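So the chains spell out like this:
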Amino acid sequence: MTVNDSNILSYALVIFPLYYILIAIYGSLIAVPMTEAVSAGPRGQDNGYFFGFGAGFFSLFPVTLVWAYGGKFFALFGEVWTLFFILLSAMIAAFNGDDIPWEWNFDLGYLLGGTLFMAWASSWFFATAVLAWERAGQRRKQARIDHIEAQRLSGDDLRALRKSRQR
């Protein structure tokens, strides 16, 4: 496939959305285990490494999709890497005695908007992950309580057991 291929747009229209969907799926599935790792005490994790894997997937998926898609356009991290490569190209050009091969066109509004968007999207993602982690923890705690209560015997059952053993 060459750059002048007439089908490049159709490939891009399939590959880029698929890429963002895969990132959102992975981020949604692993968000609760990441939150569990962050909440772990000094002795390590209380519930295991993959506790909550996939928990809250349907609430996290759209949030992660917005975060991943918007992050490609507004990410401060992308801007930092862009600045790094701009400075690297300027240093290489200076060492070779050439002119600087770029023009500065970053708008302050773009940089501020990108930073605010990523702060908002990251906060939304992590808050949703914490809520999903809390729900998963409450479900696990309730399952333990239900399991313990299911094993308890009533007073009548204990008396009947004692009487049957005394015979």
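What comes next is a walk through the structure. (Residues numbered from 1 in each chain as written. Predicted model: local features only at pLDDT ≥ 70, side-chain atom pairs only at ≥ 80, totals over all residues. Heavy atoms only, no water.)

## Some details on the nonpolar core
Then, number 1: Ala 31, Val 32, Phe 51, Ala 55, Leu 60, Val 63, Phe 125, Ala 129, Ala 132, Trp 133 and Ala 136 together form the largest nonpolar core, which totals 11 residues.
Then, number 2: Elements with a contribution of two residues or more to this core: α1 (8-39), α2 (57-74) and α4 (108-151).
Then, number 3: Among the elements that take part in this core, α4 stands out by supplying 5 residues, more than any other.
Then, number 4: For Val 32, the contacting residues outside a window of four places in its chain are Phe 51, Gly 52, Ala 55, Leu 60, Ala 129, Ala 132 and Trp 133. (Core = buried A, V, L, I, M, F, W, Y, C linked by side-chain atoms within 4.5 Å. Buried < 20%, exposed > 50% of the residue type's maximum accessible area, 1.4 Å probe, protein only. Helix = DSSP H or I, 4+ residues; strand = E, 2+ residues; numbered from the N terminus. Contact = heavy atoms within 4.5 Å.)

## Points about the environment of Leu 87
Then, number 1: With respect to the helices, strands and loops of the structure, Leu 87 is situated in helix α3 (residues 76-96).
Then, number 2: Owing to a relative accessible area of 46%, Leu 87 belongs among the partly exposed residues under this scheme.
Then, number 3: With 13 residues separating them in the primary sequence, Leu 87 and Ile 100 have C-alpha atoms 9.5 Å apart.

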